[in-house]
Amino acid sequence: MRLKIERMTYGADAIAHTEEGKTVFVSGAVAGDVVEAELVSDGKSFSRAKVTEVIEASPDRVAPAWPFASILGCTPWAAMAYPAQLTAKRTNVVDALTRVGHLADAEDLVTPCDAPGKPWGYRNKAELAFMREGRKATLGMYAQDGTTVVRVEEFPLLDLPKKGRDAKLIKNVSGALSYLAGSHELEIERVGIRRSSRTGDLEVAIWTPTGAFPRAQARRVLDAVHASSIVRVMTKGPAKARKVAGVERLTGAGSWSEKIAGGTMRLSAPSFFQVNTAGAERLVELVLEALEPREEDVAMDLYSGAGTFTLPLARRCDFVDAVESYGPAVRDLRRNLEEARLDNVDAVGGDAGREFPDDEADIIVVDPPRAGLAEDVVRQLSEQPARTIAYVSCDPATLARDLARFREIGAFDPVSVTPVDLFPQTFHVETVTKLQRR
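All values derive from a computational prediction rather than experimental measurement.

Visitor: Lay out the pattern of salt bridges with the relevant residues and their values.
Guide: When charged atoms on two side chains of opposite charge get close, those side chains can pair. Inspection of every chain in the model, using the stated rule, returns 31 salt bridges. Glutamate 38 is the salt-bridge partner of lysine 50, the closest N and O atoms lying 3.8 Å from each other. With a gap of 12 residues between them, lysine 50 in strand β6 (residues 46-56) and glutamate 38 in strand β5 (residues 34-42) connect regions that are remote in the sequence. Residue lysine 50 is classed as partly exposed on the basis of its relative accessible area, which comes to 40%. Note on glutamate 38: relative accessible area 41%, which makes it partly exposed.

See below:
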């Protein structure tokens, strides 16, 4: 079928319509393209297709800067010019607020998309997937089908120098661990590589099931990488509900550090940290601009992680209540507070709803996972006397749902939503929403 591509979705596909008006989700397309597409599936309400030929290229179509971009699933928007990516991300946020949250003023609320970093070479982290075929082990990255692993020698989204020891980091790590896994029939779940251009730290984290592990051999094959930390993260449980059973330091510091917002954070391999350091720093700036913290303020940080917002708030406020449910992140938070010599924070481990602080907060930041805020947490936040809430979100749809709940309760209203592009070459977008007490 021949299709005129209308816009991008919050996903890897673009949207077109047939002459009969049926919606078609098209993979491999850019908004503005005219394409020949092959039908993949045909449902009652919509169809899926993939591009077989670009008949007329969109003005926003570019040649991807990476030959593997069209093969792998990690750069679905690499064929789109970067300014067009920013425009599409803002449009997707407005669409979610309108369609899901029924916010009639969505167009006025959402600012232009902020672009704090580089379109390429912005990541401080890469993850390598693992696949075994007989005795042959391959470490690489997932193809677009999400199951096939393609071996790659470079990952241009990762912040690496063009020359020097680290320039071939991906090739060296994947080659060494593919050899180790093949020669020892070792099962590896994935490999995380964290590198900071600010601190010089480089950590390799090998995720495996519990059980025997060739520690000495792992250290030896990775020796040429010159990592400041090599760890093994042991997991247990069913594939869809894996839990961290422990972290074993193989060599080096046993953790990774990054400089951000005037301080240094140290993180263990299982702890979450934004993959875009410049972007994370911009999130901190936007949160502080929204909250306008004062010396006498009591602040609240829900879903605090290892302290990305807790530490800057603690430096500016009288006291901070921080709540985080993930054990490794809580331990990292407490260590970061201790190393920063900040003793005005109560760091509590547990679910945000059940461990909701008793203190009355003046300002609040929430940074929940993709699922957003539980309904009871929205209610508890609305009952707080705080003057302002900064809501950091990684999913426009759950943000829209939660903003509608806030408005329904009637204590807080969103006054601005700022999209921040932490993930160039992908459809993902972070947002910082300022909610003000009525």
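Visitor: Describe in detail the environment of proline 270, supporting the description with residues and values.
Guide: Residue placement: proline 270 occurs in the loop between β15 (263-267) and α5 (277-291). Separated by 24 residues in the primary sequence, proline 270 and arginine 294 place their C-alpha atoms 33 Å from one another.

Visitor: Can you explain the packing of helix α8 (residues 375-382) against helix α9 (residues 396-409)? Please cite residues and give values.
Guide: The N-to-C vectors of α8 and α9 enclose an angle of 45°; their axes lie 10 Å apart at closest approach. It follows from the interaxial angle that α8 and α9 lie oblique. At the point where α8 passes α9, the crossing takes the right-handed sense. Residues Glu375, Val378, Arg379, Leu381 and Ser382 of α8 pack against Asp402, Arg405, Phe406 and Ile409 of α9.

Visitor: Please set out the pairing of β15 residue by residue, giving values where relevant.
Guide: Every second residue of β15 is oriented toward a common face, the buried set being Gly263, Met265 and Leu267 and the non-buried set Thr264 and Arg266. What sits between the antiparallel neighbours strand β14 (residues 256-260) and β15 is a turn of two residues, in which alanine 261 has the positive phi angle 55°.

Visitor: So what's going on with a negative patch on the surface? Which residues, and what values?
Guide: Taken together, the side chains of Asp351, Glu355, Glu375, Asp376 and Glu408 make up a negatively charged region of the molecular surface. Of note, aspartate 376 is situated in helix α8.

Visitor: With reference to specific residues and values, describe the side chain of serine 255.
Guide: Inspection of the secondary structure assignment puts serine 255 in the loop between β13 (243-252) and β14. At 2.8 Å, the side chain of serine 255 forms a polar contact with the side chain of arginine 266. With near-sequence residues (within four places) excluded, serine 255 lies in contact with Glu203, Ser229, Arg266, Leu267 and Arg335.

Visitor: So, the state of the cysteines: which residues are in play, and what are the values?
Guide: In a disulfide, the sulfur atoms of two cysteines are held together by a covalent bond. Inspection of the entire model under this criterion finds zero disulfides. Cysteine cysteine 113 is unpaired, with the sulfur of cysteine 394 as its nearest cysteine sulfur at 15 Å.

Visitor: A description of the packing of aromatic side chains should follow, citing residues and the corresponding values.
Guide: A ring pair, where both rings are aromatic, is described by two values, the distance of the centres and the angle of the planes. Tallied over the entire structure, the rule returns six aromatic pairs. By way of ring pairs, the aromatic residues Trp66, Phe68 and Phe155 are connected into one cluster. Note that arginine 48 overlies the ring of phenylalanine 25, its terminal NZ or CZ placed 5.1 Å from the centroid. Directly above the aromatic system of tryptophan 207 lies the positively charged group of arginine 190, at a separation of 3.8 Å from the ring centroid.

Visitor: Requested: an account of the nonpolar core, with residues and values cited.
Guide: Core analysis: the largest hydrophobic core is formed by 73 residues, its most contacted members being Val173, Leu177, Val191, Ile206 and Leu313. Considering each element in turn, this core owes the most residues, eight residues, to α5. Those residues within four positions of valine 191 in sequence are excluded, and the remaining contacts are Ala126, Glu127, Leu128, Leu139, Val173, Leu177, Val204 and Ala205. Counting 35 residues, the second-largest nonpolar core is a separate cluster that includes Val366, Ala386, Ile389 and Phe412.

Visitor: Lay out the sheet that holds strand β10 (residues 190-195) in plain terms, naming residues and giving numbers.
Guide: The pairing of strands in a sheet happens through backbone hydrogen bonds and is either parallel or antiparallel. Spatially, β9-β8-β7-β10-β11-β12-β13 is the arrangement adopted by the seven strands of the open sheet, whose pairing is mixed. Edge positions in the open sheet fall to β9 (149-150) and β13, since each of these has one partner strand only.

Visitor: A description of the environment of asparagine 124 should follow, citing residues and the corresponding values.
Guide: With respect to the helices, strands and loops of the structure, asparagine 124 is situated in the loop between α2 (106-109) and β7 (125-133). By relative accessible area, which is 3% here, asparagine 124 ends up buried. Note: C-alpha distance between asparagine 124 and arginine 195 (71 residues apart in sequence) is 5.2 Å. Reaching out from asparagine 124, the side chain makes a polar contact with the side chain of threonine 277 at a distance of 2.9 Å.

Visitor: Please give an account of the side chain of threonine 138 that cites residues and values.
Guide: You can see threonine 138 is positioned in strand β8 (residues 136-142). Given a relative accessible area of 12%, threonine 138 falls into the buried group. Every residue in contact with threonine 138, bar those within four places of it in the chain, is listed here: Ala129, Phe130, Met131, Val149, Arg151 and Ser178.

The rules behind each value
Residues numbered from 1 in each chain as written. Predicted model: local features only at pLDDT ≥ 70, side-chain atom pairs only at ≥ 80, totals over all residues. Heavy atoms only, no water. Salt bridge = Lys/Arg side-chain N within 4 Å of Asp/Glu carboxyl O. Helix = DSSP H or I, 4+ residues; strand = E, 2+ residues; numbered from the N terminus. Buried < 20%, exposed > 50% of the residue type's maximum accessible area, 1.4 Å probe, protein only. Axes fitted to C-alpha atoms, helices over the stretch in contact; angles between N-to-C directions. Parallel < 35°, antiparallel > 145°, perpendicular 65-115°, else oblique. Left-handed = near helix turned anticlockwise from the far one by under 90°. Contact = heavy atoms within 4.5 Å. Pairing = 2+ DSSP bridges. Patch = residues over 30% accessible without salt bridge, like charges linked within 9 Å, V, L, I, M, F, W, Y side chains within 5 Å. Areas by Shrake-Rupley, 256 points an atom, 1.4 Å probe, with all protein chains shown as cover. Lys, Arg positive; Asp, Glu negative; His and termini not counted. Charge placed at Lys NZ, Arg CZ, Asp CG, Glu CD. Polar contact = N/O pair within 3.5 Å; in protein donor to acceptor, adjacent residues only side chain to side chain. Disulfide = S-S within 2.5 Å. Phe/Tyr/Trp six-rings, centres within 6.5 Å; stacked < 30°, edge-to-face > 60°. Lys NZ or Arg CZ within 6 Å of the ring centre and 35° of its normal. Core = buried A, V, L, I, M, F, W, Y, C linked by side-chain atoms within 4.5 Å.

All we've got here are geometric facts, nothing functional implied.
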